[in-house]
Amino acid sequence: MDALVTCLVAAVAVLAVAVIVVRARRRATSRADGQPAESPRGGPLRLAPGDRVRIREQEYAVSGTIRLVEGDWSWVQHLLDDDSGTRHRLSVENGPELELVLWTAEPGAAVTPGAPTIELGGRRYTWAETGQARYTATGETDLPSTGTMRYHDYQSGGAARLSFEAYGEEGWRVARGALLGPADLTIHPTPEVR
């Protein structure tokens, strides 16, 4: 009888710990206002228009930020300018792992989303996820300050990504992405004005 009671107490304790861990993870990745929680790893979530970021060997200025919410999930996209005129963005997802992807626009791509696999630039991408999110935009984004965005995401290999996004009623924007590590970024925030 004592062994049975001990087993039951141990099972209840394990269940209680599991519930606490799940709740802590949910709180760590999202806040009630839909904004991503601050990451203990810092910076990328806190970038703002005017900040500068170095990604690998290239320097960019943050021109705008789009914050997206889909159900309990939220992420951020920072629009980046460099001297080339090519459109870039840095997406930051703060889940159990911080995921950073540098996206480069492919305005001439003649592909559309929906197929299980897509060929682009000699690479085959496989469908990963589809959805619709609400967004708020700040800075120079060429978007209304709030709205909805539809997306289709594809992956190839471990680090290559392909994205289709449509804001409001506009057509698909196509971009190829590369998964980054935190060491690939150096952030230079704009000094605070007092």
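To be clear, the structure that these remarks concern was listed above.
All values reported here derive from a predicted model rather than from experimental measurement. (Residues numbered from 1 in each chain as written. Predicted model: local features only at pLDDT ≥ 70, side-chain atom pairs only at ≥ 80, totals over all residues. Heavy atoms only, no water.)

### Some details on the pairing of strand β4 (residues 88–94)
Move 1: Within β4, 7 of the 7 residues are buried, which leaves the element mostly enclosed by the surrounding structure.
Move 2: With burial as the criterion, each face of β4 is covered, one bearing His88, Leu90, Val92 and Asn94 and the other bearing Arg89, Ser91 and Glu93.
Move 3: Pairing between strand β3 (residues 73–81) and β4: 6 bridges, direction antiparallel. When the bridges of β4 are listed, Leu79 appears paired with Arg89. (Buried < 20%, exposed > 50% of the residue type's maximum accessible area, 1.4 Å probe, protein only. Helix = DSSP H or I, 4+ residues; strand = E, 2+ residues; numbered from the N terminus. Pairing = 2+ DSSP bridges.)

### Description of unusual backbone geometry
Move 1: A positive phi angle is found at Arg56, which is not glycine, with a value near 55°.
Move 2: Backbone geometry at Asp142 places phi at a positive 60°, although glycine is not the residue there.
Move 3: Here Asp142 lies in the loop between β7 (123–139) and β8 (146–156).

### Comments concerning the packing of aromatic side chains
The description of two aromatic rings rests on the distance between their centres and on the angle between their planes.
Move 1: The full count for this structure, using the stated rule, is 3 aromatic pairs.
Move 2: Centroid distance Trp75 to Tyr151: 5.8 Å. Interplanar angle 80°. Geometry classified as edge-to-face. In this pair, Trp75 sits in strand β3 while Tyr151 sits in strand β8, placing the two residues 76 residues apart along the sequence. Considered together, Trp75 and Tyr151 belong to a single accessibility category, that of buried residues.
Move 3: An angle of 80° between the planes, with centres 5.3 Å apart, marks the rings of Tyr135 and Tyr167 as edge-to-face. Here the residue Tyr135 occupies a position in strand β7, and Tyr167 occupies one in strand β9 (residues 160–167), the gap between them amounting to 32 residues. As far as burial versus exposure is concerned, Tyr135 and Tyr167 are alike and both buried. (Phe/Tyr/Trp six-rings, centres within 6.5 Å; stacked < 30°, edge-to-face > 60°.)

Purely geometric numbers; function is a separate question.
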